[in-house]
Amino acid sequence: MRALVAPYRWRGAVIRPAIAGGAFWLLAILAIVAVYFPPRHLISAQTAVTGLVGFCLLAIAARWPDRSLLALIIVLPFSGFILAKLWALGVPTSIVRHLSAWKETLALGVIVAGARNFIATGRRADAVDRLALGLVGIIVLYILGQKALAPSDHASMTVRLFAFRTEAGFVLLLLGARHAPLPENFLDRAARAALAVAVLVAAVSVYEALDSAAWNRFVVNTIHYTRYQIGVLHGSPPNPYDIRIWGNVGGTRFIRTGSVFDSALTCGFYLVLGFALGLERVARGRGGRWALLALLVIAAGLLLTQTRSAILAALIVAWLAFRPAAGRRRHWRTQLAFVAAALAIVAVPAAISSGLSKRITAPTSNADNSGHISAFWSGVHSIGHHPLGTGLATSAGAGQQYQQTAGLVVPENNYLQVGVELGVVGGLVFVALTVALVLSLRRAARRRPDPAIAAAAAAIAGLA
């Protein structure tokens, strides 16, 4: 108990572990009284127990934000498959649903730790902090006043809160991670964990390309992932018996691997950071042959997703690797040139055999490309007609999952998505936050000889 409630300062005052521990047990007693001795039925035993367990997990996450972030890095990509398998093994649906909130609970603990440390240290908010809080404030404004700002939208409060989690969750986690008290070696540990997980995700992508039928049987019949999507998430998978993603260009049918994400887009974007981490380790001569092998596996997995924007992001990462950064050894450009040549030797045959080259060179009249162009202009026109936005959950993400709004607009990119939902002001704040984050990381990469910072700077620039 003492480990969970270690003393911390709040505006100069010290809260003792005994006081915090007493408050914790008082809360537990009040929860028990509310369940078993209420004047009327207020809360079920299952809800109270789940809430108490969640509170304990939150306290642990706030006490050890570094371990919480590492858990998110390692487990999050596989969370859907793990929960689906637990449900298939007979764990009740209600418990599986509660277990799915583990990531939000850990993230909230990191946010609490960051806010607590920010106040205790008396730091001043910089441009990234102000823009992030401004974006979150705009999202909260739409939660509370969406009917006034977007009268045509009729999304329920539950749907809007889900949209808040998807739109503002990572922004708040960014703030929490920036200001949480993390150990000095945390960046190195986080980078190693992220690189290892990226290699595993990419290896699954390669396996899926080599034997897509076996991978499909594993996901559908062993993990029962599509049944979980229908029975627990209330989703509607396109084909409950086949999770494979197929593309078709010029009469050629090819598979786009989604790995453990069951999405080629998500997998491609996810592997960009792993590619940056591997490339940075190679540029600094760390990891030896294993680092080069990891880089090749991640590059192969990324190519097999056939996500052109993610591949473009990886090319930007490679270009930025030739620019100066603190901590790189001498002649790193020459060594990177050899690595780039090795990647090209692997990438070119893979692009030709998988159909990627045809997808890249396909004319704009192709159905796939014309769909992207149409989505871009639909987003632009929506912002032009609704400068205040159409409201939360009226675009990609929550809007697609709940389909509460007629005429759902799914634009080409995330910038337009934010603009569609939050209007011109919200879209501009999101763009400014992205630019500020890129510039902040680039400055940090020039000052500090840390490969994780340089890799993060390159990855966020490529994704932006």
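Small disclaimer: the values here were computed from a predicted structure and weren't measured. By convention here, each chain's residues receive numbers from 1 onward along its written sequence. In keeping with the model being predicted, local features are shown solely for residues with a pLDDT of at least 70 and side-chain atom pairs are shown and tallied solely at 80 or more, while totals for entire chains, interfaces and linings include all residues. Excluding hydrogens and water, the side-chain values take into account all heavy atoms of the structure.

J.: Mind showing me how you'd approach the environment of phenylalanine 430 here?
T.: Secondary structure is summarised from DSSP: a helix means a run of H or I of at least four residues, a strand means a run of E of at least two, and numbering begins at the N terminus for each. Residue position: phenylalanine 430 is located in helix α19 (residues 414–447). We call a residue buried when its accessible area falls under 20% of the maximum for its residue type, exposed when it is over 50%, and partly exposed in between, using a 1.4 Å probe and counting protein chains only. Note on phenylalanine 430: relative accessible area 15%, which makes it buried. Taking the C-alpha atoms as reference, phenylalanine 430 lies 9.2 Å from glycine 134; in sequence the two are 296 residues apart. The criterion used for residue contact is that any of the two residues' heavy atoms lie within 4.5 Å. With residues near it in sequence (within four places) discarded, phenylalanine 430 still touches Leu135, Asn414, Tyr415 and Val418.

J.: Whenever I open this one, helix α20 (residues 451–463) confuses me. Can you help?
T.: Because each turn of an α-helix spans 3.6 residues, side chains separated by three or four positions in sequence point in the same direction. Expected span of a helix: the number of residues minus one, times 1.5 Å. Here α20 contains 13 residues, and its C-alpha end-to-end distance of 18 Å stays within 8% of the 18 Å for a straight helix at 1.5 Å per residue. Of all 13 residues making up α20, 10 are buried, and the element is well covered by its neighbours. Within the sequence span of α20, burial applies to Pro451, Ala452, Ile453, Ala454, Ala455, Ala457, Ala458, Ala459, Ala461 and Gly462. Close packing links the buried residues of α20 with α9 (186–210), α12 (264–283), α14 (308–320) and α19. Pairs of N or O atoms within 3.5 Å make up the polar contacts considered here, provided that, within protein, one atom can donate a hydrogen while the other can accept it, and that residues adjacent in sequence are counted only when both atoms are side-chain atoms. Among the residues of α20, the N-terminal cap falls to aspartate 450, whose side-chain oxygen and the backbone nitrogen of alanine 452 are separated by 2.9 Å.

J.: What is the right way to read the packing of α19 against α20 from this model?
T.: Any two packed helices are characterised by how steeply their axes cross, that is the angle between the axes, and by the distance between the axes. Packing of α19 against α20 brings their axes to within 8 Å, and their N-to-C directions diverge by 150 degrees. Put simply, α19 runs roughly antiparallel to α20. For the crossing formed where α19 meets α20, the hand is left-handed. Two secondary-structure elements touch here, α19 through Leu437, Val438, Leu441, Arg442, Ala444 and Ala445 and α20 through Ile453, Ala454, Ala456, Ala457, Ile460 and Ala461. The angle between two axes is taken between their N-to-C directions and runs from 0 to 180 degrees, where each axis is a line fitted to C-alpha atoms and a helix contributes only its stretch in contact. Just so you know how the angles are binned, under 35 degrees is roughly parallel, over 145 roughly antiparallel, 65 to 115 roughly perpendicular, and the rest oblique. Take the far helix as your reference; a near helix turned counterclockwise from it by less than a right angle gives a left-handed crossing, and one turned clockwise gives a right-handed crossing.

J.: I would appreciate a short explanation of the nonpolar core in the present structure.
T.: Looking at soluble globular proteins, one finds that nonpolar side chains tend to be buried together. Counting residues in hydrophobic clusters, the biggest one holds 51 residues, and the most contacted among them are Tyr228, Leu271 and Phe275. Counting residues per element, the ones that place at least two in this core are α4 (79–88), α9, α10 (212–222), α11 (225–231), α12, α13 (288–305), α14 and α20. Beyond its immediate sequence surroundings of up to four residues, tyrosine 228 is in contact with Gly80, Leu83, Ala84, Trp87, Val96 and Leu233. In this text, buried Ala, Val, Leu, Ile, Met, Phe, Trp, Tyr and Cys residues form a nonpolar core when linked through side-chain atoms within 4.5 Å. Core analysis: the second largest hydrophobic core is formed by 25 residues, Ile138, Ala155, Ala393 and Leu422 among them.

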